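Geometric and topological summary
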Amino acid sequence: MTVDRKVTMIFQGSQLIEKARPEKGFFFKSKKRCFSQKDDKWHTKFSWEPVTVGDLWVDENGGKCQMHFRVRMADDTMFQVDQPVSRQRYTLFGSYKLDAHRVDLIDKVLHENRTGLRIRKWTATEMLHVKVTKRLLDELRGNAEKCGQNLSQYCTTLLSGKHPRAAFTEEELDLLRNLKKSRGDVEFQFIAMVAEFKNKSPEERMKAVISGKSYEWWREYLITALEFLDNIKDKVSDNVG
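Residues numbered from 1 in each chain as written. Predicted model: local features only at pLDDT ≥ 70, side-chain atom pairs only at ≥ 80, totals over all residues. Heavy atoms only, no water.

Description of the layout of surface pockets
Picture a little ball the size of a water molecule; that probe, rolled over the atoms, points out where space is still empty. Formally: Buriedness for pockets is judged along seven lines, at least five of which must meet protein on both sides within 12 Å for an open set on the 1 Å grid over protein atoms alone, while cavities are sets there where a 1.4 Å probe fits but cannot get out, and lining residues have an atom within 4 Å of a point. Grid points are joined across faces, edges and corners, and a volume is the space filled by probe spheres set on the points. Helical segments are the DSSP runs of H or I of at least four residues, strand segments are the runs of E of at least two, and each set is numbered from the N terminus. Polar here means any residue outside two lists: the nonpolar Ala, Val, Leu, Ile, Met, Phe, Trp, Tyr, Cys and Pro, and the charged Asp, Glu, Lys and Arg; Gly therefore counts as polar.
Within this model, the second largest pocket holds a volume of roughly 500 Å³. Contributing to the lining of the second largest pocket are 16 residues, with Asp104, Lys108, Arg183, Glu187 and Lys233 lying nearest its centre. Looking at the lining of the second largest pocket, the elements with two or more residues in it are helix 2 (87-95), helix 3 (99-112), helix 6 (170-197) and helix 8 (215-237). A class-by-class count of the residues in the lining of the second largest pocket yields 3 nonpolar, 4 polar and 9 charged.

Brief notes about the packing of helix 2 against helix 3
For any two helices packed against each other, the geometry comes down to the angle between their axes and how far apart the axes lie. Our working definition: Fitted lines through C-alpha atoms serve as axes, helices being fitted only where they are in contact, and the angles separating the N-to-C directions of these axes extend from 0 to 180 degrees. Just so you know how the angles are binned, under 35 degrees is roughly parallel, over 145 roughly antiparallel, 65 to 115 roughly perpendicular, and the rest oblique. Two helices crossing with the near one rotated counterclockwise from the far one by less than a right angle form a left-handed crossing, whereas a clockwise rotation gives a right-handed crossing. Here a residue-residue contact requires only that any non-hydrogen atoms of the pair lie within 4.5 Å.
The interhelical angle for the contact between helix 2 and helix 3, taken along N-to-C directions, is 155°, at an axis separation of 9 Å. Here helix 2 is positioned roughly antiparallel relative to helix 3, judged by the angle of their axes. Once helix 2 is placed against helix 3, the crossing between them reads as left-handed. Between helix 2, through Arg89, Leu92, Phe93 and Gly94, and helix 3, the contact on the second element is made entirely by Arg102, Leu105, Ile106, Lys108, Val109 and Glu112.

Digging into the pairing of strand 4 (residues 52-61)
Quick reminder of the rule: Here's how the labels work: a residue is buried when its accessible area is under 20% of the maximum for its type, exposed when over 50%, partly exposed in between, all with a 1.4 Å probe on protein chains only. What makes two strands pair is DSSP finding at least two bridges between them.
Counting buried positions over the 10 residues of strand 4 gives 7, a clear majority of the element. In terms of strand pairing, strand 4 meets strand 5 (residues 64-72) through 8 bridges, oriented antiparallel. By the bridge assignment for strand 5, valine 58 is matched with methionine 67. Hairpin connection between strand 4 and strand 5: a loop of 2 residues separates the two successive antiparallel strands, and glycine 62 in this loop has a positive phi of roughly 65°.

Written as C-alpha coordinates, this is what we have:
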(Lines give C-alpha, C1' and ligand atoms only; values in the text may rest on other atoms or scores of the structure.)
Protein backbone atom coordinates (compact mmCIF):
# COMPACT_ATOMS: atom_id res chain seq x y z
CA MET A 1 0.00 0.00 0.00
CA THR A 2 1.37 3.42 -0.94
CA VAL A 3 1.33 6.05 1.81
CA ASP A 4 0.34 9.54 0.70
CA ARG A 5 3.18 11.87 1.72
CA LYS A 6 3.03 15.62 1.23
CA VAL A 7 6.08 17.85 1.84
CA THR A 8 5.52 21.56 2.49
CA MET A 9 8.56 23.65 1.54
CA ILE A 10 12.19 22.93 2.42
CA PHE A 11 14.31 25.61 4.11
CA GLN A 12 17.88 25.86 5.27
CA GLY A 13 17.14 26.18 8.99
CA SER A 14 20.15 28.14 10.25
CA GLN A 15 20.04 30.47 7.26
CA LEU A 16 16.34 31.04 7.86
CA ILE A 17 16.98 32.16 11.46
CA GLU A 18 20.00 34.27 10.55
CA LYS A 19 17.87 36.17 8.06
CA ALA A 20 14.69 36.53 10.14
CA ARG A 21 15.97 36.54 13.75
CA PRO A 22 19.74 37.25 13.64
CA GLU A 23 19.93 37.59 17.43
CA LYS A 24 19.00 33.89 17.74
CA GLY A 25 20.30 30.52 16.62
CA PHE A 26 19.80 26.76 16.95
CA PHE A 27 21.23 25.10 20.08
CA PHE A 28 21.25 21.51 21.30
CA LYS A 29 21.12 20.60 24.98
CA SER A 30 23.92 18.19 25.86
CA LYS A 31 25.02 16.58 29.10
CA LYS A 32 28.26 15.09 30.39
CA ARG A 33 29.47 13.51 33.57
CA CYS A 34 31.95 15.55 35.63
CA PHE A 35 33.80 14.58 38.82
CA SER A 36 33.83 17.21 41.55
CA GLN A 37 36.69 17.25 44.02
CA LYS A 38 34.57 19.32 46.40
CA ASP A 39 32.34 16.39 47.36
CA ASP A 40 34.17 13.52 45.59
CA LYS A 41 31.09 12.74 43.52
CA TRP A 42 30.15 12.54 39.87
CA HIS A 43 27.65 15.12 38.63
CA THR A 44 25.74 15.62 35.40
CA LYS A 45 26.45 18.95 33.76
CA PHE A 46 24.09 20.36 31.13
CA SER A 47 25.05 22.90 28.49
CA TRP A 48 23.63 24.44 25.31
CA GLU A 49 25.85 23.92 22.26
CA PRO A 50 25.31 25.89 19.04
CA VAL A 51 24.46 23.66 16.10
CA THR A 52 23.78 24.11 12.40
CA VAL A 53 20.42 23.06 10.97
CA GLY A 54 20.45 22.29 7.27
CA ASP A 55 17.24 21.05 5.66
CA LEU A 56 14.12 21.97 7.62
CA TRP A 57 10.67 20.98 6.41
CA VAL A 58 7.21 19.80 7.43
CA ASP A 59 5.33 16.93 5.85
CA GLU A 60 2.14 14.93 6.14
CA ASN A 61 2.57 11.18 6.08
CA GLY A 62 -0.32 8.80 6.62
CA GLY A 63 -2.45 11.52 8.16
CA LYS A 64 0.26 12.57 10.64
CA CYS A 65 2.08 15.90 10.38
CA GLN A 66 5.71 16.35 11.43
CA MET A 67 8.48 18.96 11.40
CA HIS A 68 11.96 17.69 10.52
CA PHE A 69 15.44 19.11 11.21
CA ARG A 70 18.79 17.95 9.80
CA VAL A 71 21.26 18.85 12.58
CA ARG A 72 25.06 19.13 12.42
CA MET A 73 27.04 19.35 15.68
CA ALA A 74 30.34 21.19 16.07
CA ASP A 75 32.25 17.88 15.68
CA ASP A 76 30.42 17.26 12.35
CA THR A 77 28.14 14.62 13.88
CA MET A 78 24.86 14.66 11.96
CA PHE A 79 21.41 13.42 12.93
CA GLN A 80 17.75 14.18 12.29
CA VAL A 81 15.19 15.50 14.77
CA ASP A 82 11.52 14.78 14.03
CA GLN A 83 8.79 16.60 15.94
CA PRO A 84 5.01 16.04 15.63
CA VAL A 85 2.91 19.11 14.82
CA SER A 86 -0.81 19.69 14.64
CA ARG A 87 -2.50 19.91 11.26
CA GLN A 88 -3.30 23.56 11.99
CA ARG A 89 0.38 24.40 12.47
CA TYR A 90 1.25 22.36 9.40
CA THR A 91 -1.15 24.54 7.41
CA LEU A 92 0.10 27.79 8.95
CA PHE A 93 3.75 26.89 8.27
CA GLY A 94 3.07 26.72 4.56
CA SER A 95 0.77 29.76 4.46
CA TYR A 96 3.06 32.30 6.15
CA LYS A 97 4.58 34.89 3.85
CA LEU A 98 7.09 36.27 6.39
CA ASP A 99 10.01 34.10 7.51
CA ALA A 100 9.96 35.73 10.96
CA HIS A 101 6.51 34.25 11.65
CA ARG A 102 7.69 30.86 10.40
CA VAL A 103 10.68 31.00 12.78
CA ASP A 104 8.39 31.93 15.69
CA LEU A 105 6.23 28.91 14.91
CA ILE A 106 9.29 26.63 14.85
CA ASP A 107 10.35 28.07 18.21
CA LYS A 108 6.94 27.23 19.73
CA VAL A 109 7.04 23.66 18.41
CA LEU A 110 10.52 22.97 19.80
CA HIS A 111 9.71 24.61 23.14
CA GLU A 112 6.42 22.77 23.70
CA ASN A 113 7.85 19.38 22.76
CA ARG A 114 10.80 19.89 25.15
CA THR A 115 13.28 18.45 22.70
CA GLY A 116 17.03 18.82 23.04
CA LEU A 117 16.92 21.11 20.00
CA ARG A 118 15.90 24.68 20.73
CA ILE A 119 16.04 28.21 19.36
CA ARG A 120 17.86 30.49 21.80
CA LYS A 121 19.44 33.92 21.89
CA TRP A 122 23.16 34.15 21.31
CA THR A 123 25.03 34.84 24.53
CA ALA A 124 27.39 37.83 24.60
CA THR A 125 30.83 36.52 25.57
CA GLU A 126 33.23 39.13 24.19
CA MET A 127 34.14 42.46 25.76
CA LEU A 128 34.59 45.71 23.79
CA HIS A 129 36.30 48.69 25.41
CA VAL A 130 35.84 52.09 23.77
CA LYS A 131 36.91 55.53 24.98
CA VAL A 132 34.42 58.31 24.31
CA THR A 133 34.02 61.94 25.32
CA LYS A 134 31.84 62.84 28.30
CA ARG A 135 29.47 64.65 25.97
CA LEU A 136 28.95 61.52 23.84
CA LEU A 137 28.58 59.35 26.94
CA ASP A 138 25.88 61.63 28.35
CA GLU A 139 24.09 61.59 25.01
CA LEU A 140 24.19 57.79 24.84
CA ARG A 141 22.89 57.46 28.39
CA GLY A 142 20.05 59.89 27.71
CA ASN A 143 19.00 58.10 24.53
CA ALA A 144 19.20 54.71 26.25
CA GLU A 145 16.87 55.93 28.99
CA LYS A 146 14.36 57.20 26.41
CA CYS A 147 14.38 53.78 24.75
CA GLY A 148 13.90 51.92 28.03
CA GLN A 149 17.31 50.24 27.76
CA ASN A 150 20.47 50.28 29.83
CA LEU A 151 23.62 51.75 28.30
CA SER A 152 25.05 48.37 27.28
CA GLN A 153 21.84 47.26 25.56
CA TYR A 154 21.50 50.56 23.72
CA CYS A 155 25.11 50.53 22.45
CA THR A 156 24.88 46.88 21.41
CA THR A 157 21.73 47.68 19.42
CA LEU A 158 23.49 50.55 17.67
CA LEU A 159 26.55 48.43 16.86
CA SER A 160 24.34 45.71 15.35
CA GLY A 161 23.09 48.24 12.79
CA LYS A 162 19.67 48.81 14.30
CA HIS A 163 18.12 52.13 15.26
CA PRO A 164 16.52 52.11 18.72
CA ARG A 165 13.37 54.15 19.12
CA ALA A 166 11.69 55.66 22.14
CA ALA A 167 10.01 53.10 24.39
CA PHE A 168 6.25 52.57 24.13
CA THR A 169 3.90 54.67 26.19
CA GLU A 170 1.38 52.79 28.33
CA GLU A 171 -1.33 53.65 25.78
CA GLU A 172 0.75 52.17 22.95
CA LEU A 173 1.41 49.04 25.01
CA ASP A 174 -2.33 48.60 25.51
CA LEU A 175 -2.88 48.88 21.75
CA LEU A 176 -0.20 46.27 21.11
CA ARG A 177 -1.72 43.91 23.70
CA ASN A 178 -5.14 44.30 22.08
CA LEU A 179 -3.62 43.63 18.67
CA LYS A 180 -2.01 40.44 19.97
CA LYS A 181 -5.30 39.31 21.50
CA SER A 182 -7.19 40.06 18.28
CA ARG A 183 -4.71 37.98 16.31
CA GLY A 184 -5.12 35.13 18.77
CA ASP A 185 -8.89 35.27 18.36
CA VAL A 186 -8.62 35.14 14.58
CA GLU A 187 -6.12 32.25 14.71
CA PHE A 188 -8.41 30.36 17.09
CA GLN A 189 -11.30 30.83 14.67
CA PHE A 190 -9.15 29.64 11.76
CA ILE A 191 -8.06 26.50 13.66
CA ALA A 192 -11.65 25.78 14.68
CA MET A 193 -12.84 26.04 11.08
CA VAL A 194 -10.10 23.70 9.83
CA ALA A 195 -11.00 21.13 12.48
CA GLU A 196 -14.73 21.45 11.76
CA PHE A 197 -14.55 21.13 7.98
CA LYS A 198 -11.51 18.95 7.27
CA ASN A 199 -13.56 15.73 6.96
CA LYS A 200 -16.51 17.24 5.09
CA SER A 201 -17.05 16.83 1.37
CA PRO A 202 -17.10 19.91 -0.92
CA GLU A 203 -20.90 19.62 -1.04
CA GLU A 204 -21.15 19.60 2.77
CA ARG A 205 -18.81 22.57 3.03
CA MET A 206 -20.93 24.57 0.64
CA LYS A 207 -23.94 24.01 2.92
CA ALA A 208 -22.03 25.30 5.94
CA VAL A 209 -21.66 28.93 4.92
CA ILE A 210 -21.12 32.12 6.87
CA SER A 211 -23.20 35.03 5.59
CA GLY A 212 -23.30 33.46 2.14
CA LYS A 213 -19.54 32.80 1.99
CA SER A 214 -18.17 29.27 1.57
CA TYR A 215 -15.62 27.66 3.86
CA GLU A 216 -12.81 28.12 1.31
CA TRP A 217 -13.55 31.85 1.07
CA TRP A 218 -13.39 32.24 4.84
CA ARG A 219 -10.24 30.11 5.04
CA GLU A 220 -8.39 32.37 2.61
CA TYR A 221 -9.85 35.44 4.32
CA LEU A 222 -8.61 34.35 7.74
CA ILE A 223 -5.12 33.53 6.45
CA THR A 224 -4.95 37.00 4.87
CA ALA A 225 -6.22 38.57 8.10
CA LEU A 226 -3.54 36.78 10.13
CA GLU A 227 -0.84 38.04 7.77
CA PHE A 228 -2.24 41.57 7.98
CA LEU A 229 -2.24 41.54 11.79
CA ASP A 230 1.30 40.13 11.83
CA ASN A 231 2.51 42.88 9.51
CA ILE A 232 1.01 45.59 11.73
CA LYS A 233 2.52 43.97 14.84
CA ASP A 234 5.96 43.85 13.21
CA LYS A 235 5.77 47.49 12.13
CA VAL A 236 4.82 48.61 15.63
CA SER A 237 7.56 46.43 17.15
CA ASP A 238 10.14 48.07 14.85
CA ASN A 239 9.65 51.29 16.84
CA VAL A 240 11.75 49.79 19.62
CA GLY A 241 14.48 48.66 17.29
